[in-house]
Amino acid sequence: KEARAAHREIVLQIPMEPERYPRVNPGPATLLVNMSPQRIESLTRRYLKEADGVVAMANLMGEFATQDETFMTAVYAALKRANMSFLHVQPAPRSVCRALAATQGIAYDEPDALIDAAAKRSDEKSLNKAWDAALESARTRGHAIVMLRVTPTSAAWLDKALAPKRLDGVTLAPLTRVIRRPAQH
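The following refers to the structure shown. (Residues numbered from 1 in each chain as written. Predicted model: local features only at pLDDT ≥ 70, side-chain atom pairs only at ≥ 80, totals over all residues. Heavy atoms only, no water.)

If you trace the backbone, Ser-85 turns up in strand S3 (residues 85-87). There is a polar contact of 2.8 Å between the side chain of Ser-85 and the backbone oxygen of Arg-180. When near neighbours in sequence (up to four residues on either side) are disregarded, Ser-85 contacts Val-55, Ala-56, Met-57, Leu-79, Ala-107, Ile-179, Arg-180, Arg-181 and Pro-182. (Helix = DSSP H or I, 4+ residues; strand = E, 2+ residues; numbered from the N terminus. Polar contact = N/O pair within 3.5 Å; in protein donor to acceptor, adjacent residues only side chain to side chain. Contact = heavy atoms within 4.5 Å.)

What follows is the structure, encoded as structure tokens:
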């Protein structure tokens, strides 16, 4: 609600079955590979509806689920119905997501930088190192999608990271300007 009130774009991360589940467990609303495709699609649609107004959906964990074509076909059916993009966070080597997205007509992207582990630590040095690498990637490629885990440390650090002098020629843009968007029907 706060993000919407501040006119921020929101990406909904839906928990998906990781490898080594249930020992590694992303939470109670996790989509599991042994669910029926109809259940996976229905839950995905419900989560998107409840989140209301998100600009993309991303996986939370899901290393095992994203390797299963039947599972991802059901997820993509919900995304197609919602006219929603998929942002694939940390793809597993055997993931079917990119190729399946191409055949299903799903707008698909991967973050160029994920500032997650650095944000979990409580020192700005790790954040600065990861942010410098993300900025260099943006300068080299002309754009970059960067995901940052918000923690008390990273939230306090963010204003300094976004200072014009620190950005040095990099322009921040809303996510919807850099991700692939679904074709309008």
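Applying the stated criterion to the full structure yields 10 salt bridges. With a shortest N-O distance of 2.5 Å, Arg-180 and Asp-109 are connected by a salt bridge. A residue pair is termed long-range when its members are at least 10 positions apart, and Arg-180 in the segment after helix H8 (164-167) and Asp-109 in strand S4 (residues 108-109) qualify at 71 residues. Put simply, Asp-116 and Arg-149 hold a salt bridge, and the shortest N to O gap is 2.4 Å. On the criterion of sequence distance, the pair formed by Asp-116 in the loop between strand S5 (113-115) and helix H5 (117-120) and Arg-149 in the loop between strand S6 (146-148) and helix H7 (152-161) is long-range, its members being 33 residues apart. Of the residues examined, Arg-149 reaches a relative accessible area of 36% and is grouped as partly exposed. (Salt bridge = Lys/Arg side-chain N within 4 Å of Asp/Glu carboxyl O. Buried < 20%, exposed > 50% of the residue type's maximum accessible area, 1.4 Å probe, protein only.)

Further remarks concern the side chain of Glu-17. For Glu-17, the location among the structural elements is in the loop between strand S1 (11-16) and helix H2 (37-51). Here Glu-17 is buried and forms no salt bridge, its nearest opposite-charge partner Arg-20 lying at an N-O distance of 11 Å. Engagement of the side chain of Glu-17 in a polar contact is seen with the backbone nitrogen of Val-33, the distance being 2.7 Å. If sequence neighbours within four positions are ignored, Glu-17 has contacts with Thr-30, Leu-31, Leu-32, Val-33, Asn-34, Gly-62, Glu-63, Phe-64 and Ala-65. (Lys, Arg positive; Asp, Glu negative; His and termini not counted.)

On to the environment of Pro-26. Here Pro-26 is to be found in the loop between S1 and H2. Separated by 151 residues in sequence, Pro-26 and Arg-177 place their C-alpha atoms 30 Å apart. Among all residues touching Pro-26, those that are not within four sequence positions of it are Pro-15, Met-16, Pro-18, Tyr-21, Leu-60 and Met-61.

Counting across every chain of the model gives 3 aromatic pairs. Ring centres of Phe-86 and Tyr-108 lie 6.2 Å apart, and the angle between their planes is 40 degrees; this geometry places the pair in the tilted category. Taken together, the residues Phe-86 in strand S3 and Tyr-108 in strand S4 connect sequence positions 22 residues apart. With respect to burial, Phe-86 and Tyr-108 carry one shared label: buried. Considering the side-chain rings of Trp-131 and Trp-157, the 6.0 Å spacing of their centres and the 90 degrees angle between planes classify their relative orientation as edge-to-face. Of this pair, Trp-131 sits in helix H6 (residues 124-141) while Trp-157 sits in helix H7, and the two are 26 residues apart along the sequence. (Phe/Tyr/Trp six-rings, centres within 6.5 Å; stacked < 30°, edge-to-face > 60°.)

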